[in-house]
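Reading the structure
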Amino acid sequence: MPTVDLYDSAYGNYEEDVYRQIRIATYGEDFGQTSWVTNDESSEIPQLLAVTPNSHTLEIGCGSGRYALQIAETTGCSIVGLDVNEAGIRNAKALVNARGLSGRVFFEHCDASEGLPFRHASFDAAFANDVICHIPRRLSLLLEVFRVLKPLGRLLFSDALVIGGAISHEEIATRSSIGYYLFTPPGHNEELIRKAGFRLLRVSDTTANTTRIAMRWRDARDSRRDELIAVEGEPNFDGLQQFLSCVCALNSERRLLRYVYLAEKDPVPVGD
Ligand SMILES: C[S@@+](CC[C@H](N)C(=O)[O-])C[C@H]1O[C@@H](n2cnc3c(N)ncnc32)[C@H](O)[C@@H]1O
């Protein structure tokens, strides 16, 4: 199956009206999303992470950068956003300059699977919205997040690729058509969170929200088919529609599940 582009076109065309309209039709409010995060979830994240104006926050896989800016603007915190996608980081840096927040909002191009380029205990909070599924060696990443968080620092991440039932090889291929993905069994994230030294505070099942977002995203794109084909080309448009339909089917039947995990850096070293 050919690889379908999602992120280059979403971030490279961030300012295009048709992409903005699709984000609004899908999520209600435009935070530059390419994820399954609802607005309710977006507004809850800073509270769950206990972000204050004094917090230094890390977003792994910040995409367009718009949501990191939202957190900085609404809480007064400082924030660093990382992403491996160059178009995303370019867009994020342009947004920071336009909003005059360059003193406390920073974006860096970074492949988080290669480690986090920060000193020990640099951050009060870290989060990754629908990113961790793209990153190999998940335990190494969680150990890196543990390292860069201060004691009692909080981590929130979502994973939309927890296996809930039988999935065919064609469905796995379509669901993975946009790049590297790691599918894991229930309980795997909980185990890795503990192994990395975190204390698990909360797990929420947001599978039904994912179905709703995928459906709205697919329908919003369908109703702007010609405009999108002019930008993305027909094969990519069709590939993304199949990807979104596959998400709708797998999640509505709970064969794939999405969970949001909230954890805290246990000040007691692992093994004690
Ligand atoms: C589903 S999108 C979510 C983007 C954003 N968090 C949001 O909520 O809209 C996943 C993001 O993870 C980024 N990503 C994938 N692999 C990565 C890696 N190894 N290091 C850093 N970012 C990565 C992608 O470029 C993409 O922007």
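These numbers come from a predicted model, not from an experiment.

In this section: the pairing of strand β3 (residues 105-109). Bridging between strand β2 (residues 78-83) and β3 involves five bridges; their strand directions are parallel. When the sheet's bridge partners are listed, Val-80 is paired in β3 with Phe-106. Tracing the backbone out of β2, into helix α5 (residues 86-99) and back to the parallel element β3 gives a crossover that is right-handed.

What follows deals with the UniProt feature "domain: Methyltransferase type" (unreviewed entry) in the protein. Here the UniProt-annotated "domain: Methyltransferase type" (unreviewed entry) positions come out as residues 58-157. A distance of 12 Å separates the end C-alpha atoms of residues 58-157, which is 35% helix and 29% strand.

This part takes up the packing of helix α3 (residues 39-48) against helix α4 (residues 66-75). Between α3 and α4, the shortest axis-to-axis distance is 11 Å and the interhelical angle comes to 55 degrees. Classified by the angle between their axes, α3 and α4 sit oblique to one another. Taken as a pair, α3 and α4 cross one another with a handedness that is right-handed. Facing α3, whose interface residues are Ser-42, Ile-45 and Pro-46, α4 presents Tyr-67, Ile-71 and Thr-75. When the residues that make up the contact of α3 with α4 are grouped by side-chain class, the tally is four nonpolar, two polar and no charged.

Where helix α8 (residues 188-195) is concerned, the buried positions are Asn-189, Glu-190, Leu-192 and Ile-193. Down the axis of α8, the buried set is contained in an arc of 165 degrees. They therefore lie on one face. On its buried side, α8 packs onto α6 (138-148), β5 (149-163), β6 (198-205) and β7 (256-265). At the C-terminal side of α8, Gly-197 shows a positive phi close to 110 degrees.

This brings us to helix α11 (residues 234-252). Helix length check: α11 (19 residues) gives 27 Å between terminal C-alpha atoms against 27 Å at 1.5 Å per residue, within 8%. Restricting attention to buried positions, one finds in α11 the residues Asn-236, Phe-237, Gly-239, Leu-240, Gln-241, Phe-243, Leu-244, Cys-246, Val-247, Cys-248, Leu-250 and Asn-251. Check the buried side of α11 and you find it contacts α7 (169-175), α9 (207-222), α10 (225-232) and β7. Taken from the residues just after α11, Arg-254 is the one with a positive phi, measuring 55 degrees.

Here is what the cut-offs are and how they apply
- Residues numbered from 1 in each chain as written.
- Predicted model: local features only at pLDDT ≥ 70, side-chain atom pairs only at ≥ 80, totals over all residues.
- Heavy atoms only, no water.
- Pairing = 2+ DSSP bridges.
- Helix = DSSP H or I, 4+ residues; strand = E, 2+ residues; numbered from the N terminus.
- Right-handed = clockwise from strand over helix to strand, strands pointing away.
- UniProt positions renumbered as here; feature names shortened; annotations may be inferred.
- Axes fitted to C-alpha atoms, helices over the stretch in contact; angles between N-to-C directions.
- Parallel < 35°, antiparallel > 145°, perpendicular 65-115°, else oblique.
- Left-handed = near helix turned anticlockwise from the far one by under 90°.
- Contact = heavy atoms within 4.5 Å.
- Nonpolar A, V, L, I, M, F, W, Y, C, P; charged D, E, K, R; others polar.
- Buried < 20%, exposed > 50% of the residue type's maximum accessible area, 1.4 Å probe, protein only.
- Arc of directions from axis to C-beta.
- Expected span 1.5 Å × (residues − 1).

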